[in-house]
Structure formats: C-alpha cells, structure tokens
Amino acid sequence: MWFTGPPFLSHSHHLKLETETFTLVDPAQDTEIRPQVTTSSTTSKGKELGSECFCRFSSWNTLTRALACLIHVAHLFKQKRDSQLDLCKGWHLCKELNLVHDFKKARTVTIQNVQKETFAKEIQSILEKEGMPNDSPLRALDPFIDENGLLRVGGRLRNADLGPEEKNPIIVPGHHYIATLIVRHYHIQSQHQGRHITEGAVRSAGYWITGGKRYMSSLIFKYVICKKLRNTCETQKMADLPPDRLRTDPPFTHIGLDVFGPWTVCSRRTRGGSADSKRWAVLFTCLNIRAIHIEVIESMDTSSFINSFRRFLLYVVKSKLSDLIVVPTSLEHAVNLESLPTLTMKR
Ligand SMILES: [Zn+2]
Ligand SMILES: [Zn+2]
C-alpha cells in the first residue's frame, strides 16, 4: 500500500469522470440563472504618443531603437506609394535605420512627449512670453524652447567654449521613468562609477535631470551590481577562545612561540670593515596576558632553538612557576627537562 498507493490510481478507467447533463426546468423563472453582461470601453487620446508606454522598456537604447522604428514606419505611411522603396513597406523591423540621425530624432520625440506632459504649465508660459510660475522647479534654470521644441536650460554659459549640448542641456523631469533609463544608461557607460562621474556623463551627454543628485545616489544605492562592487568584505565568524587563554593562571603558564628574522648584525671588526652575520629571534608569548619574551638565536637549526627554549625556561618559567609547564612530547625529550632540578612536567 505504501509503495503502490491506493489501487484506483493504477487503473485509469477508475479516474474517468461521469458527466451528467440536466435540462433546465424553466429558465425564465429560475433566479439562479443570471445573464452575463460585458461592457468594453476604449479611450482614445490626442495625437501625443503618451509616456506611459515608455515604462515598458528597460533600457534607453531599446526605447530609442523602438521609437526610431515607429517613426520610420509612420513616415512610410505618410509618403506617397510611388516613392516607397521595395525594402521598406508597411509594418516592418527596419535594418536600414541611421544610427545617428534616426536615433537622435527618436530621442527628441521621447523627451518632447515627456516634457509636454510634465512641464505643460512652463511651456505654455514660455510660449506666451510670461514669467515662470512661482512654484515651478525650473524657475532657477531660465529655460527656453529650442528649434526642435525641446525645453533646455538657459543658464549663463552662452559665452563658454563648450558644445551646444553642454551649454544648454535638455531638461528631463527627475521623477519620470525616462530619467531612470538615462541615468542607468550613462552609469553603465561610465563602468558603474559613483554619483559624481555618472552625473558628469549625463551632463556631457546634454541632459539636465531635475533633482538629479539625490535621485542618482538612490539609483546607484539600489543597483545590484553597484551593491556587489561597493560591499565590504565578509569575514568568518570567529570560534570561541581556547580554555588556555581564559584561565587565570600565572604568566607564561601557556605559551605560543614563533621565530622571526633574520637581521644582519656586525659580528666582528676586521681591518677596514666588518664581518656581518645573521641573527634570528624566538618570540615566546603568554596566552593569558599577552606578555612576551624574546631570545636571540644564531642559526635556524634545532640545537639553537633548544638552547633558546632552555634559556627561556630558566629565565622566566623557573623564576615564576616551579611546577606547571605544558610542553609537547617531542620537545620534552629534546630539552631534557628532567635535568633541570626544580622543574617537573605536567601535561
Ligand atoms: Zn525600413
Ligand atoms: Zn552600478
């Protein structure tokens, strides 16, 4: 039963559902039967493209390419049939698009649409040659409308030796989705640099994003790749301290040791010079109070080390402790602690 399950599962004919149909008694009188009414409504806007559709794109380049294709097809429908090329007819994904001219046109159309939606009041007041509304965020920018119908920053750089794009950048509303696409595009182009470099890349491309600084910081902060690049190195959680380091024993009861060096020292004076030789040092550290004891050795061989260790025992351990030393077995034999009159071993 546990392995095969209930028997009806293995016989497919049991699973067939029997469907029975019942005729309605009196549909007109039956209150349970309700007629289903569907109403559909279609809202049509003006001639504007509408910037809601821009939210469907995830990058500035794909949006530009799609709009360039759309503009290309729209022009084809406007032209007379005789003048159409064989390659370009009706709805098609055109491969003959001009990357500079058509893309620039697409960007102009995109930003025009966004500006008309967001800054309608400001554009109206500029066209009517009135002053900027007091509550307008563009009041300090001295905006004007260029020959393509784009709202640009007026500023005070007319006499600067800069390109027209940098002197009078196009105004892009910071809270619009299109600002996200532009910032993301130039942030990736600048290899995920910080806010200052991204801001510079956006400015030199000819865009002025209102409230851009805070917006760029928040975007970079949220970006997954930036988070990965700017994150601090993770560290391993350290284990508990060993009991030897936590006992309140006298100093040098538990020790650690290491050898460091070499240093070149002048061993003897010769005629007109000196004979140099190398010296190393053995560092003994107490595990409890971090006290240290250093012994100098003349070479890196075993006998030098054993000598230094014996000196350490005599100087430090013998004076401080008389009966508590922890030494590995191999060292015990080598040092021959039994020969020391007052020391006894405890392991
Ligand atoms: Zn085409
Ligand atoms: Zn990034």
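Residues numbered from 1 in each chain as written. Chains lettered and ligands numbered in written order. Predicted model: local features only at pLDDT ≥ 70, side-chain atom pairs only at ≥ 80, totals over all residues.

1. Things to note about the overall build of the chain
Helix and strand counts for the chain come out as 11 helices and seven strands. A fraction of 49% describes how many contacts in the chain between residues 6 or more apart in sequence connect residues 24 or more apart. (Helix = DSSP H or I, 4+ residues; strand = E, 2+ residues; numbered from the N terminus. Contact = placed C-beta atoms within 7 Å.)

2. Examining the confidence of the model for the chain
For the chain, the mean per-residue pLDDT works out to 82, and 85% of the residues sit at or above 70. This stretch, residues 340–347, has a pLDDT under 50; its non-local contacts, to residues over four places away or in other chains, come to 15 contacts. (pLDDT = per-residue confidence, 0-100.)

3. Side note on the sheet that holds strand β7 (residues 292–297)
Strand order in the open sheet made by the three strands is β5-β6-β7, with antiparallel pairing throughout. Bordering the open sheet on either side are β5 (255–270) and β7, each of which pairs with just one other strand. Averaged over all neighbouring strand pairs, the angle between strand axes comes to 25 degrees, with direction disregarded. Strand direction decides the pairing type here: strand β6 (residues 273–286) and β7, joined by six bridges, are antiparallel. Bridging across to β7, V282 finds its partner in E295. (Pairing = 2+ DSSP bridges. Axes fitted to C-alpha atoms, helices over the stretch in contact; angles between N-to-C directions.)

4. Re helix α2 (residues 60–78)
In an α-helix, one turn spans 3.6 residues, which is why side chains three or four residues apart end up on the same side. With 19 residues, α2 should cover 27 Å at 1.5 Å per step; its first-to-last C-alpha distance of 27 Å lies within 8% of that length. Every buried residue of α2 is accounted for by W60, L63, T64, L67 and A68. Projection of α2 onto a plane perpendicular to its axis shows the buried side chains occupying an angular sector of 130 degrees, all on one side. Pointing more than 90 degrees away from the buried face of α2 are the exposed residues N61, T62 and F77. (Expected span 1.5 Å × (residues − 1). Buried ≥ 20, exposed ≤ 12 C-beta atoms within 10 Å, placed from the backbone. Arc of directions from axis to C-beta.)

5. A closer look at the packing of helix α6 (residues 177–189) against helix α8 (residues 212–222)
At a closest axis distance of 11 Å, the pairing of α6 and α8 adopts a crossing angle of 65 degrees. As judged from the angle between their axes, α6 and α8 are roughly perpendicular. Relative to α8, α6 is oriented so that their crossing is right-handed. Here A179, T180, V183, R184 and H187 of α6 come into contact with α8, specifically with Y215, M216, L219 and I220. Looking at the contact of α6 with α8 residue by residue, the class counts come to six nonpolar, two polar and one charged. (Parallel < 35°, antiparallel > 145°, perpendicular 65-115°, else oblique. Left-handed = near helix turned anticlockwise from the far one by under 90°. Nonpolar A, V, L, I, M, F, W, Y, C, P; charged D, E, K, R; others polar.)

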